[in-house]
Amino acid sequence: MSKDDGAFLTIGELAQQLGVAQHILRYWETRFPQLRPLQRSGNRRYYRPRDVEVAQRINRLLNEQGFTVRGAQRVLAGKQEAAET
């Protein structure tokens, strides 16, 4: 059973979708202010559709286009352009 488009994703679901470990997503949250999921009781994270888009973009920049974390930060902040592949 899959979720509807627009449904919130848990950290496990998003990590599986992106093919990265959950601790990587938590690390990205500390380095990219654009990635701010909802946190409910027990610090459970729920990623909204906008958060999913940001995480996908970060993943593309880091793992497909070869940017460093600092380079990806600059792209997301609008200070540098990413070459589209």
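My aim in this report is to walk through the structure given alongside it, one point at a time. (Residues numbered from 1 in each chain as written. Predicted model: local features only at pLDDT ≥ 70, side-chain atom pairs only at ≥ 80, totals over all residues. Heavy atoms only, no water.)

Description of the overall build of the protein
Phase 1: Tallying secondary structure elements over the protein gives 4 helices and 3 strands in all.
Phase 2: Put simply, the protein runs from its N terminus to its C terminus through helices and strands in the order β-α-α-β-β-α-α.
Phase 3: Here the protein, with 85 residues, has 34% of them falling under the buried criterion. (Helix = DSSP H or I, 4+ residues; strand = E, 2+ residues; numbered from the N terminus. Buried < 20%, exposed > 50% of the residue type's maximum accessible area, 1.4 Å probe, protein only.)

Overview of the pattern of salt bridges
Phase 1: Counted according to the given criterion, the structure contains 3 salt bridges.
Phase 2: The partner of Glu29 in a salt bridge is Arg45, with the nearest N and O atoms 2.8 Å apart. With Glu29 in helix α2 (residues 22–31) and Arg45 in strand β3 (residues 44–47), this residue pair connects regions lying 16 residues apart in the sequence. The residues Glu29 and Arg45 share a single accessibility class, namely buried.
Phase 3: The partner of Asp51 in a salt bridge is Arg48, with the nearest N and O atoms 3.0 Å apart.
Phase 4: Taking relative accessible area as the criterion, Arg48 reaches 29% and is therefore assigned partly exposed. (Salt bridge = Lys/Arg side-chain N within 4 Å of Asp/Glu carboxyl O.)

Considerations on the side chain of Asn59
Phase 1: Topologically, Asn59 is positioned in helix α3 (residues 49–64).
Phase 2: Of the residues examined, Asn59 reaches a relative accessible area of 10% and is grouped as buried.
Phase 3: Residues within four places of Asn59 in sequence aside, it is in contact with Leu18, Val20, Trp28 and Glu64. (Contact = heavy atoms within 4.5 Å.)

Concerning the packing of helix α1 (residues 11–18) against α3
Phase 1: Where α1 meets α3, the closest approach of the two axes is 11 Å, and the angle between their N-to-C directions is 35°. Crossing geometry of α1 relative to α3 is assigned as right-handed. Residue-level contacts link Leu14, Gln17 and Leu18 of α1 to Val52, Ala55, Gln56 and Asn59 of α3.
Phase 2: Per-class residue counts for the contact of α1 with α3 are 4 nonpolar, 3 polar and no charged. (Axes fitted to C-alpha atoms, helices over the stretch in contact; angles between N-to-C directions. Left-handed = near helix turned anticlockwise from the far one by under 90°. Nonpolar A, V, L, I, M, F, W, Y, C, P; charged D, E, K, R; others polar.)

As for the sheet that holds strand β1 (residues 9–10)
Phase 1: Spatial ordering of the open sheet is given by β1-β3-β2, a layout of 3 strands whose pairing is antiparallel. Sheet topology places β1 and β2 (38–40) at the edges, where each strand pairs with a single neighbour.
Phase 2: Summarising the sheet, β2 and β3 pair through 3 bridges and their orientation is antiparallel. Within β3, the position partnered with Gln39 by the bridge is Arg45. (Pairing = 2+ DSSP bridges.)

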